Amino acid sequence: MTSGRTGRAASPLAAPPDLGRVLSGLDMIVLKRELDDSFLLLTDPTASFAEILGTVRAAGVRLSLRGASDYLDHFLFDAAEFWLRGEPGRIRSGPWLEAQRDGEPRALEAQALRHNNEAFLIIEHLGAAYDAQVRVLQSARDHLLKEEALEREVLRRTQSIRLREEEIAMRLLAAAATRDGETGSHVRRIGLYAAAIAEALGWETGRIADLRVAAPMHDVGKIGIPDAILRKPGALSEEEFRIMQDHTVIGARMLGNSEIPLLCLAREIALGHHEKWNGRGYPQRLAGEEIPVAARIVTIVDVYDAMVHRRVYKPPIPEPEVLAAMAQGAGRDFDPHLFDVFLGILPTIRAIRDDHLDEAVVI
Amino acid sequence: MIHLKLCMVGAFSVGKSSLVQRYVQSMFSEKYHTTVGVKIDKKDIALGATPVRLLIWDLAGEDHFSALRPTFMRGAAGYLLVADGTRAHTLDAALDLNRQIEASQGPLPFALVLNKEDLIDQWEITPPRIEMLERRGVKLLRGSAKSGAGVQAMFEHFASHSLKERAS
């Protein structure tokens with residue numbers, strides 16, 4: 001600190017000698033705020049305040065604290081407002097670590113208070129009390145970190161069990177899907193795309209894993225649609241289309257009456273993946289957020305995947321054309337927010353496509 | 001010399017202090033040392049021809065035991081929201097802190113730092129979440145306090161960005 005910040009008070013108001021010794025023993029300094037925003041040091045400072053007080057070694061000196069410490073500058077702004085309001089009580093700065101020339105930073109805390117219409121600033125070196133606070137907090141956080149690590153390990157093991165279940169489910173679903181010319185890769189991709197959207201939405205890990213398995217079950221109800229309709233090469237008649245629509249209800253029935261969260265989710269998806277955002281879908285003509293979010297997600301990824309890949313009845317469509325066509329459907333067929341999320345994660349969607357190319361299509 | 005105040009915020013044990021220590025002192029310690037209160041470090045740098053003193057406010061990690069005081073942001077040129085790539089919930093905590101700061105201080109320049117890139121094979125923060133944040137316009141910086149990768153760029157890119165914001 002420069003000598004420009006200090007000056008001997010005209011009428012020193014230092015604390016009485018006994019009180020001064022007590023305060024010094026507590027490793028704190030007391031300052032009285034003067035009208036010109038300077039401070040009068042009322043107690044003899046200890047070495048803990050050398051960085052803040054500079055060359056000041058004894059009580060009775062008037063000084064400016066501006067620029068003495070970045071943190072104290074910040075607190076003095078709050079303190080000035082507090083003193084101005086004239087409220088009783090005190091405000092605390094919270095602890096801060098002040099760098100010292102001797103290397104080790106010191107933990108300090110300031111308090112602003114009013115007494116007899118005068119404003120005072122107390123700065124305390126927290127010393128051992130701070131160290132004790134750090135130890136308690138460190139121990140609590142170390143404990144939390146250990147708990148987190150254990151939870152991660154449980155999750156890792158659960159996921160490894162789940163992967164085996166997923167593999168069985170995928171193989172069965174892929175076998176069922178071949179009936180209408182779909183591939184096993186399509187089934188897998190639908191789950192992975194849907195899970196990627198759920199990740200982008202910040203879903204909880206277990207729910208994402210459920211969606212990854214449940215989404216591929218969206219068309220499981222096609223098992224109940226006659227071959228003559230399911231595998232008809234041309235356009236469906238009105239009656240045939242009505243029968244085809246039943247696959248949503250059949251799927252929901254197959255997956256219903258279960259308390260297993262994954263199957264409940266799969267039922268929602270099977271029933272709702274042909275609903276449209278504008279309420280013109282089927283089977284229930286639900287609109288907007290009445291349609292379960294998982295179903296809304298699958299609607300988007302199912303359309304995308306069907307369009308960009310070859311089917312027995314059509315060649316693959318270039319992705320830019322697909323996205324342009326789908327953009328027309330945002331807010332009409334699709335949830336516009338989820339479609340935006342889908343667009344936001346296109347690099348991941350493309351990576352899933354590249355990693356899970358179609359095998360030969362079984363007709 | 002221009003003074004730029006930059007705050008480090010985030011959940012506990014995401015590596016805020018380690019990033020500062022790596023940047024200011026080129027050091028790293030494996031052991032987790034919790035921060036209580038605020039520690040201010042300074043570093044003088046040159047951004048082009050402009051000398052800048054960075055005042056880096058390392059704020060205690062947010063959790064049940066310690067809550068962020070949004071007033072700490074007063075006078076800040078911006079803040080780095082730090083998350084640990086290996087702990088997905090620290091990203092949620094960072095985004096929640098961001099909402100708190102914006103609600104109390106209004107919009108301030110910030111960047112989201114994904115730390116612990118040296119452990120990328122253990123990351124829980126997945127590409128879709130990252131892509132989504134980028135789509136929403138969140139400036140994302142990655143690095144590792146342990147290896148030092150990306151750390152200098154993280155601070156100086158952000159300082160440079162803040163300086164431009166201030167000029168405009």
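Check the entry above for the structure.
Let me sum up the structure you'll find in this document. (Residues numbered from 1 in each chain as written. Chains lettered and ligands numbered in written order. Predicted model: local features only at pLDDT ≥ 70, side-chain atom pairs only at ≥ 80, totals over all residues. Heavy atoms only, no water.)

### Description of the pattern of salt bridges
Basically, it comes down to this: A carboxyl oxygen of Asp or Glu within 4 Å of a side-chain nitrogen of Lys or Arg is what we treat as a salt bridge. Strands are runs of DSSP state E lasting at least 2 residues, helices are runs of H or I lasting at least 4, and numbering of each runs from the N terminus. In this scheme, a residue with accessible area under 20% of its type's maximum is buried, one over 50% is exposed, and one in between is partly exposed, where area comes from a 1.4 Å probe on protein chains only.
Taken as a whole and assessed by the stated rule, the structure comprises 35 salt bridges over all chains. The closest approach of N and O atoms between A:R162 and A:D210, which form a salt bridge, is 2.8 Å. You can see A:R162 sitting in helix α4 (residues 127–177) and its partner A:D210 sitting in helix α6 (residues 205–214), a full 48 residues away along the chain. One salt bridge connects B:R99 with B:D96, and the closest N-O pair in it is separated by 3.9 Å. Of this pair, B:R99 and B:D96 both sit in helix α2 (residues 88–105), three residues apart, roughly one helical turn. The class for B:D96 is partly exposed, based on a relative accessible area of 35%. Three or more residues are tied together by salt bridges with common partners; here these are A:E148, A:R152, B:D84, B:R87 and B:K116.

### Section: the packing of helix α13 (residues 346–355) of chain A against helix α3 (residues 127–135) of chain B
This is how the line gets drawn: Orientation is described by axes fitted as lines to C-alpha atoms, over the contacting stretch for helices, and by angles from 0 to 180 degrees between their N-to-C directions. Contacts were defined at the residue level, with two residues in contact if any of their heavy atoms lie within 4.5 Å. Here the nonpolar group is Ala, Val, Leu, Ile, Met, Phe, Trp, Tyr, Cys and Pro; Asp, Glu, Lys and Arg are the charged ones; every other residue, Gly included, is treated as polar.
The interhelical angle for the contact between α13(A) and α3(B), taken along N-to-C directions, is 145 degrees, at an axis separation of 8 Å. Touching A:L346, A:P347 and A:T348 of α13(A) are B:P127, B:P128 and B:E131, all from α3(B). Taken together, the residues of the contact of α13(A) with α3(B) break down into four nonpolar, one polar and one charged.

### A closer look at the interface of chain A and chain B
Threshold: By buried area we mean how much accessible surface two parts lose on assembly, using a 1.4 Å probe and totalling the loss over both. Side-chain atoms alone can form a polar contact between residues adjacent in sequence; in general such a contact is a pair of N or O atoms within 3.5 Å, and within protein one must be able to donate a hydrogen while the other accepts it.
At the interface, 37 residues of chain A touch 36 residues of chain B. Among the residues chain A hides against chain B, the three largest losses belong to A:D70, A:H74 and A:R141. Together they make up 21% of the total. Between chain A and chain B we count four salt bridges in total. A salt bridge links B:R87 to A:E148; the nearest nitrogen and oxygen atoms lie 2.6 Å apart. Here chain A is connected to chain B by 14 residue pairs in polar contact (both at pLDDT 80 or more).

### Structural notes on the packing of aromatic side chains
Where we set the bar: Planes of paired rings set the category: under 30 degrees apart is stacked, over 60 is edge-to-face and the rest tilted, where pairs are Phe, Tyr or Trp rings (Trp by its six-membered ring) whose centres lie within 6.5 Å. Our definition puts a charge over a ring when NZ of Lys or CZ of Arg is within 6 Å of the ring centre and also within 35 degrees of the ring normal.
Within the structure shown, the criterion is met by 12 aromatic pairs over all chains. With centroids separated by 6.0 Å and ring planes inclined at 25 degrees, the aromatic side chains of A:F339 and A:F342 adopt a geometry described as stacked. One end of the pair is A:F339 and the other is A:F342, both in helix α12 (residues 336–344) and three residues apart, which spans about a single turn. Of the two residues, A:F339 and A:F342, both sit in the buried class. Taken together, the ring pairs in this structure connect A:Y193, A:Y304, A:F334, A:F339 and A:F342 into an aromatic cluster. Here the guanidinium or amino end of B:K5 rests over the ring plane of B:W57, the centre of that ring lying 3.7 Å away. The positively charged end of B:K43 is found above the aromatic ring belonging to B:Y23, 4.7 Å away from the centroid.

### Some thoughts on unusual backbone geometry
Residues and elements named next belong to chain A. Residues Y282 and P283 are joined by a peptide bond in cis, for which omega reads 10 degrees. Along the chain, P283 falls in the loop between α9 (261–272) and α10 (293–308). In this model, N116 sits at a positive phi of 50 degrees, which is unusual for a non-glycine residue. Along the chain, the position of N116 falls in the loop between β7 (103–115) and β8 (118–125). With relative accessibility at 62%, the residue N116 sits in the exposed group.

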